[in-house]
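Each chain is listed here by its residues.
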Amino acid sequence: MMPQFNLCLSAFLFLFLIVCHAIEVKSQGIEHNPFKKTITLVTPDTKLSIVIDYAEGCRVKRLDLNGKNKLSDLGIYTGFRIKNEQFSSRGLLQNIQIKESVNDITLEGIRFGNQDLTVNENWSFRLQNNRILWEITRTYNKDALVEELALPKWSFSDLSTWKGGIFDNGGMVWCKYLQRENDTYGVHTAGVTLWNEHLPDALRIKASAMNGGKLAAKYSHGENRTFTIIQSVSENTMKPRYHLSRFVSQKTDVFAPIEVKKSTVKLQLTLAYVDYPTEYNRGVLPSIDAEAVRELMNTTGRYGVVDNNIVGANGWLTNWKCLHEPFFAQIGMALNDTNYVKNMSATLDQERNQAVLPDGRVLSRWHNAPGDEMQGTYNSQTGYYEAMWGYTIDSQTGYVINTAEQFALNGDLNWLRGHQVSCEKALDWLIKRDSNGNGIFEMMNEGVTDKTASDWLDIVWASFENAFVNAQLFEALRLWSECERVLGSPKKATYYMKIAESLKDSFNKPVEDGGFWLEEKKQYVYWRDNDGAVHGDNLVTPINFAAIAFGLCDDPQRIKLILDQIEKRTEAERLFHWPLCFDSFKREEVSDGNWPFPKYENGDIFPTWGYLGVRAYAKYNKDIALKYIQNILKQYKKDGLSSQRYSRTTQLGLGDDVLSGICTSITALYRDIYGVRPQWNRMGLEPHITTSLNGTKFSYILRGVSYQIELRENDYRLSAADFSVKSNRAFGAIKTDNVLRFYPHNREEMMLSIKEMNNGHIDLMIDSCTKTNFSFNIAPGEYVLMFEGLPPSENYTVLIDNQLRSVRTSKEGTLSLKNMFVSTTHFVLKKIDKPRAD
């Protein structure tokens, strides 16, 4: 028996050696099997791997995240379609050449096509840290008109493999809305992070076009419920096939045919495993469902991005954007995504160039096709137009508010300067509309008999003197006045602020005196017709919230009267969020679509304006503000908040649109509760924290700097790699090189700059920061302290660890001190009171 056993063993070893010889392990992580004609790449952390099969054509047949394949049987491959004939890299018997070097492996001779067009491709793969780099080089043999490019096409096993994909323009694809086979969404960017909230494993695909190529991608409901992505690179930008549509139902040809030249194009794809809960971690948020915040912002919050240069709220399913919404920059603040911020800046650039008319009028909407426009106003090249429902004047204020708040995020003075003339024109267009000189600015319509709208509530016949538009104008004037100051235009800053102050006075007058305050019902009314008739005394929440939130109403008694009755009535109906109005408009004040009450804009719940409610309550009763934020998050857990509005009677979602504005209560959580208030030249904190939120901690990235924020009631800390500031009041701070600048109350009226002479870490703990008493503790170091904004030529005392001396401010109100502190030091700067004359 032994000789036979030895013979079998020898045969086994011989076969084993043959197989081992056939498998070439090129380097750690890359395995080439010429016998099976496969190449396997595994990242060092083993979380990402791919298998390339070149036995019959070329395709990536497996893509594993943590050992689980995400692809369908079709895998990933390249191709094109010409004259309705499809060609691809898969399924062809080809003589593929493999070239191996120290760090990469290349497949050459991938050839497909016909007499109309033939392509030759090389695929090169290499590992870079825990990423896989895939470079596709394609050569076209002639010029041709191509119906579809696939560089490459990804086919995932099921539509539910991913919840969605976050784009590198700040937007997202939401797979559940690709409901029918071939439903397709196309965008002019190709980078995406695919995720499923139920698993930590996410896939990031970064796309880079070589030689100035233009990227695009489309996302589809494929055959047998697969989820497909087709990326492309072309010499010219791909155009939509159907008007300006980015989403088309039951069609995959969202892009028009494109001409390719006899040339070579290159695309580099970087594949990376992403630990989704870590990458998109919202931090430690006591009393707040941090997972719901993350998912709401990554879905509904991003959904309003239609494409590059079109950031809105109505989103890509309906191909719509309303310019008369002032909260898109706020969404960017809460998303904290540099890609969204960049796209929002580009969006405002495009709107300045295409939607602001020469006289300063800002067109109110963008849509993919005509049908919603005032006759003769739709521009088929740009998509901007006036809405058929009337001249919605809040597009003037929306553009200015978004621009000012976007500047706080991008901090780009040149960008702001590029919007100075257009913002001034937009404001001046509305400022001129005060025919009776009463300080309240007028709409284009005269009264309810016109049956046209003048603001966001587009089938309510608000007209002439509109409180909602004027409240937004006040906010726009206030914000833009500060922008003018920053731009070095103090006269214009004063001009716009004076108009705002006059508007505030007029707005708050009783209705009998031409204002909007209705003493009888303890509320602000909605509008006044040109004939003096007053309308909208049905407790319209956006108007009353806006008056308080924007600072028009600062009378504590009025604030209490308004907010207490809104809370009482909301509680009485057990509504999870505020309705647009509590009582019915009169029949003649609204369109048929708003009748009978409660219906649509006449009484339904529109969370879009939630940020105004949260902001109004934040300074009055933080617990109430927090309650409605929590309610929104609970509703998200129920239905994804993917509705236009909610029924007043059933509190179920309604409407064809999915409005990104539904997330604004969460933007207010960050702005008005956590107090995240970035400014163009610093990071700022202005919290309104309750005890239930004590221990809140999260990271925030602003212009490339990662800040750590820690919040307790009356105890706020902001830190970065090289500094830490702690205070019990609002403040702003930034460290540039070795200089820390501290802004009390996050304003620029006063500033303390601390220069650390040895480029060390600066730890600052503020006790008091007024112009008469500035005290703090500071860690050891050699510092130059510079105070700015103090009263000029005044005497102060400086107390440093019980050592007292006298100093005097300059005539410019500055004071400079140089000190060496060998231990943590208590510092007090106190103004010396002048003796009173007898």
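About the thresholds
Residues numbered from 1 in each chain as written. Predicted model: local features only at pLDDT ≥ 70, side-chain atom pairs only at ≥ 80, totals over all residues. Heavy atoms only, no water. Helix = DSSP H or I, 4+ residues; strand = E, 2+ residues; numbered from the N terminus. Phe/Tyr/Trp six-rings, centres within 6.5 Å; stacked < 30°, edge-to-face > 60°. Buried < 20%, exposed > 50% of the residue type's maximum accessible area, 1.4 Å probe, protein only. Lys NZ or Arg CZ within 6 Å of the ring centre and 35° of its normal. Pairing = 2+ DSSP bridges. Axes fitted to C-alpha atoms, helices over the stretch in contact; angles between N-to-C directions. Contact = heavy atoms within 4.5 Å. pLDDT = per-residue confidence, 0-100.

Cis geometry is adopted by the peptide bond preceding Pro596, which originates at Trp595 and carries an omega value of 0 degrees. Looking along the chain, the bond that leaves Phe597 and enters Pro598 is cis, with omega of -10 degrees. Relative to the helices and strands, Pro598 is located in the loop between α13 (556-573) and α14 (610-618). Phi is positive for Asn129, which is not a glycine, with a value near 55 degrees.

Here the focus is the packing of aromatic side chains. A full pass over the atoms with the stated rule returns 51 aromatic pairs. Here the aromatic rings of Phe327 and Phe328 are separated by 5.4 Å at their centres, their planes lie at 70 degrees, and the arrangement is edge-to-face. A relative accessible area of 1% means that Phe328 is categorised as buried. Judged by centre distance (5.5 Å) and plane angle (90 degrees), the rings of Trp456 and Phe606 are edge-to-face. Here the residue Trp456 occupies a position in the loop between α9 (420-431) and β30 (465-466), and Phe606 occupies one in the loop between α13 and α14, the gap between them amounting to 150 residues. Take Phe606: its relative accessible area is 3%, and that puts it in the buried class. Stacked on the ring of Trp429, the Lys or Arg Arg433 has its end atom at 5.7 Å from the ring centre.

Strand order in the open sheet made by the nine strands is β38-β39-β40-β41-β45-β46-β51-β48-β49, with mixed pairing throughout. Across the chains shown, the open sheet's two edge strands, defined by having one partner strand only, are β38 (696-702) and β49 (803-808). Recorded for the sheet is a direction-independent mean angle of 20 degrees between the axes of neighbouring strands. For β38 and strand β39 (residues 705-712), the ladder comprises seven bridges, and the chain directions are antiparallel. Residue pairing for β39: Ser699 is matched across the bridge by Gln708.

A separate point is helix α12 (residues 541-549). Burial of α12 is extensive: nine of the nine residues sit out of reach of the surface. Within α12, the full set of buried residues consists of Thr541, Pro542, Ile543, Asn544, Phe545, Ala546, Ala547, Ile548 and Ala549. Buried residues along α12 sit against α10 (467-486), α11 (490-507), β32 (523-524), α13 and α14. At the exit of α12 stands Gly551, carrying a positive phi of roughly 90 degrees.

Once that is clear, we can look at the confidence of the model for the protein chain. Chain-level pLDDT for the protein chain is 95 on average; 96% of the residues reach the 70-or-more range. Considering only residues more than four positions removed or in separate chains, one finds that residues 7-23, a stretch of pLDDT under 50, has eight contacts.

This paragraph deals with the pairing of strand β21 (residues 227-234). Across the eight residues that make up β21, a large majority, eight, are buried. Burial along β21 is two-sided: the face carrying Phe227, Ile229, Gln231 and Val233 and the face carrying Thr228, Ile230, Ser232 and Ser234 are both buried. Two strands pair when backbone bridges link them, and strand β14 (residues 148-156) and β21 are joined in this way by four bridges, in the antiparallel orientation. The residue bridging Ser155 from the neighbouring strand is Thr228, located in β21. Following strand β20 (residues 214-221), the chain reverses through five residues before pairing antiparallel with β21; Asn224 in that reversal takes a positive phi of roughly 55 degrees.

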